[in-house]
Amino acid sequence: MPSRTPRPRQHPRHHTLLTALATLATVALLSTGPALATPASHSTKAAPKVAPKAAAEATWDTDRAAAAYAADHNAVTASGSENDGTAPGLAFDGNGSTRWASPFSNDAWIRVDLGATIRIDRVVLDWEAAYGKRYVLEVSKNGTDWTPFYTENAGTGGSLTAHTYPQDVTGRYVRMRGVERGTPYGYSLYSFKVYGGEPAPASTTRTNLALNHPAYSNYYQHAGNSPAFLTDGGWPANLKDDQTRWSSDWNADRWVSVDLGATSTIDTVDLYWEAAYAVDYQVQVSDDNRTWRTVYQPSAAEVAARRADVKSPADAVGRHDTVRLSQPATGRYVRMLGKERRSFYNPAPATAQFGYSLYEFQVWGTGGSASAAYPALPGEQSGAYRTTFLDDFTGATLDRSKWRVVRTGQEMGSVNGESQAYVDSSDTIRTENGNLVLRAKYCKGCTQAGGGTYDFTSGRIDTHTKMDFTYGRVSARMKLPVGDGFWPAFWLLGSDVDDPSVSWPSSGETDIMENIGYADWTSTALHGPGYSADGNIGARQIYEGGGRADQWHTYAVEWTPTVMRFFVDDRVVQETTRNKLESTRGQWVFGHNQYVILNLALGGAYPAGWNKVTTPYWGLPQSSVDRIAAGGVQAEVDWVRVEQKG
């Protein structure tokens, strides 16, 4: 199930805090599949006990690299070793205290021949102190032609798990190719592990056609719970533990599907649910992955029984649904479409709903093809940048053909524990001297908004419905107020954030610049499923040359299909690639429209996390209140520009 341990949020800019509960991991068993029944039926049962699989049939949790080395020590080769006691095989021997170490050279490599072509789910590297700062993981079908699937440009050693989803990483050989060492020594690995399995081939006899085939979902919780785990052949025997599973975010409108590779005849679908199962769902088939036909849905009585099974998260377990179709269905794609989530005591008698979580998705029948593959990911755009949006704020008032004024209680609610209400007033939003000014105002109990009473007002504007766009270089020249709890921000938010079937953080959020009142630094961040709130992918930037936030600086992001690159005064301060984000953190949700936001918040979670102030307002001390009351606390913007290619 989605994790449920409560955690603080650094600065969710739009929605309220979620909670989570984590569980532990244990072993998995593999099913030989259900026997085909003649009448249409549906059953729920415990995971079956099965005979051990043959050695040639590696289980989902087999380290394929270690197995290949155990079968043939010549399966492992390297560009060289520091000495005889650090030979390449020592990274594959299953002993965490032995290691491979390369000569003291940047361009060293180590590779393994897995002995068979498999779909690779993930690679785990356990570095010794001599780690790689820059390196590439590559796959090959023939040992000669290599395709990169993970690129590290800022390695820090330790243990790295590189998940391959949503890339198609299929091959027999896997290689770590060093580019730059992190120390004066060579590269040194305690272990180099590879996980995956052989895709189910076309079959004229009844089999699980989904095994190690591409799987998809509209959203998933993080990289360790991606759809790739749905077809790896594994699940824990108790249908409870946290391993080898897909987990959605907390929304009822979520689905998972599998590509069988070719038109197939399907008679049964097996769903191995974790405790967060669907109360109601549909099994659907498709020929083209667009038009879906529903072939099964639980009866009203079954839905009622599942709905009534309410337990605490600690006591809840999953279930095994065997869906036998009343007549075989044909199609290439099979999908589980969630309609209603299970409820949990949280605590009793109160209940809560989380997401959906499936250990395994099996599709039984004939047909299929091992050639099923994940589609190629988008590459870089061609062409030169051109300006598609510019405001230099030289007009007498805000240009409302370009900007929407956001008001608390109208376009948005109160968020993050901030103290201000956003209002549409020339006191808080105006143009003067060729600049946009967002000004904070104080008046005890003077403002009613959204059902609350506020002592502060401030300004927030955005381009939503005026300029929503996908990809580009977005920049602004700004001067910021300095003082504890002043929180100006320049950022982008996914245009679908208000769609209840999406919401935050699945909408995506790009923080180009945030400052919480400190003179010498600002921050950047990305938020999405698996990397939101305090777990965001972010960085803190110190101004060069003794610069200060209350001086003019240019803040920017270059947003492309493959990377988010942040700048302060044309200096790169954070670079996050789609490849690294999805391999190590979660889903890239930046392939659709976002819009620009400028605001000046006061107090709240992010400032309070640093200044530890709790009174008189959260994150906003009396000294800052006095400054607001005296007037002049404001963020100034010289210009905002969006440039796009094409």
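Rules used throughout
Residues numbered from 1 in each chain as written. Predicted model: local features only at pLDDT ≥ 70, side-chain atom pairs only at ≥ 80, totals over all residues. Heavy atoms only, no water. Helix = DSSP H or I, 4+ residues; strand = E, 2+ residues; numbered from the N terminus. Pairing = 2+ DSSP bridges. Axes fitted to C-alpha atoms, helices over the stretch in contact; angles between N-to-C directions. Contact = heavy atoms within 4.5 Å. Polar contact = N/O pair within 3.5 Å; in protein donor to acceptor, adjacent residues only side chain to side chain. Salt bridge = Lys/Arg side-chain N within 4 Å of Asp/Glu carboxyl O. Buried < 20%, exposed > 50% of the residue type's maximum accessible area, 1.4 Å probe, protein only.

A. Region of the structure containing the environment of Ala58. Locating Ala58 in the fold gives a position in the loop between strand E2 (41–45) and helix H1 (64–71). For Ala58 and Ala373, which are 315 residues apart along the polypeptide, the C-alpha to C-alpha distance reads 21 Å.

B. A look at the sheet that holds strand E24 (residues 420–422). Spatial ordering of the open sheet is given by E24-E28-E27, a layout of three strands whose pairing is mixed. In this open sheet, the two strands that pair with only one neighbour each are E24 and strand E27 (441–449). The mean inter-strand angle of the sheet, taken between neighbouring strand axes irrespective of direction, is 60°. Sheet analysis places E24 next to strand E28 (residues 452–458), joined by three bridges and oriented parallel. Bridged to Gln420 within E28 is Phe456. Docked against the sheet, helix H5 (residues 622–630) engages E27 and E28, running at close to 85° with respect to E27.

C. Representation of the side chain of Thr560 in the model. Summarising the element assignment, Thr560 is placed in the loop between strand E36 (553–559) and strand E37 (563–568). In terms of polar contacts, Thr560 uses its side chain to reach the side chain of Glu380, at 2.8 Å. Residues within four places of Thr560 in sequence aside, it is in contact with Glu380, Tyr385, Tyr471 and Trp588.

D. Structural context of the pattern of salt bridges. All chains considered together, the criterion is met by 35 salt bridges. Here Glu643 and Arg473 are joined by a salt bridge, their closest N and O atoms 3.2 Å apart. Within this pair, whereas Glu643 is found in strand E40 (residues 634–645), its partner Arg473 is found in strand E31 (residues 472–479), the two being separated by 170 residues in sequence. What makes Glu643 buried here is its relative accessible area of 15%. The exposure class assigned to Arg473 is partly exposed, which follows from its relative accessible area of 29%. Here Arg548 ties to Asp550 by a salt bridge, and the two come within 3.0 Å at their closest N and O atoms. By relative accessible area, Arg548 is classed as partly exposed at 35%. Residues joined by salt bridges that share partners form a network here, namely Lys133, Arg134 and Glu180.

E. Structural view of the environment of Asp84. Turning to its location among the elements, Asp84 is positioned in the loop between strand E3 (76–78) and strand E4 (100–101). Residue class for Asp84 comes out exposed when judged on its relative accessible area of 78%. Distance from Asp84 to Ala101, taken between C-alpha atoms, is 9.7 Å for residues 17 residues apart in sequence.

F. Spotlight on unusual backbone geometry. With an omega of -15°, the peptide bond between Asn346 and Pro347 qualifies as cis. In this chain, Thr615 is followed by Pro616 through a cis amide linkage whose omega measures 0°. Position of Pro616 among the secondary structure elements: in the loop between helix H4 (605–611) and H5. One non-glycine residue, Asp570, adopts positive backbone phi at about 70°. Locating Asp570 in the fold gives a position in the loop between E37 and strand E38 (571–577). Not every positive phi belongs to a glycine, and Lys612 is a case in point at roughly 60°. Position of Lys612 relative to the elements: it lies in the loop between H4 and H5. Its relative accessible area of 63% is what places Lys612 among the exposed residues.

G. Representation of the pairing of strand E7 (residues 147–152) within the structure. Examined bridge by bridge, strand E6 (residues 132–140) and E7 share five bridges and lie antiparallel to one another. The partner of Val136 across the bridge, within E7, is Thr151. Adjacent in sequence and paired antiparallel, E6 and E7 are bridged by six residues, among which Gly143 carries a positive phi angle near 80°.

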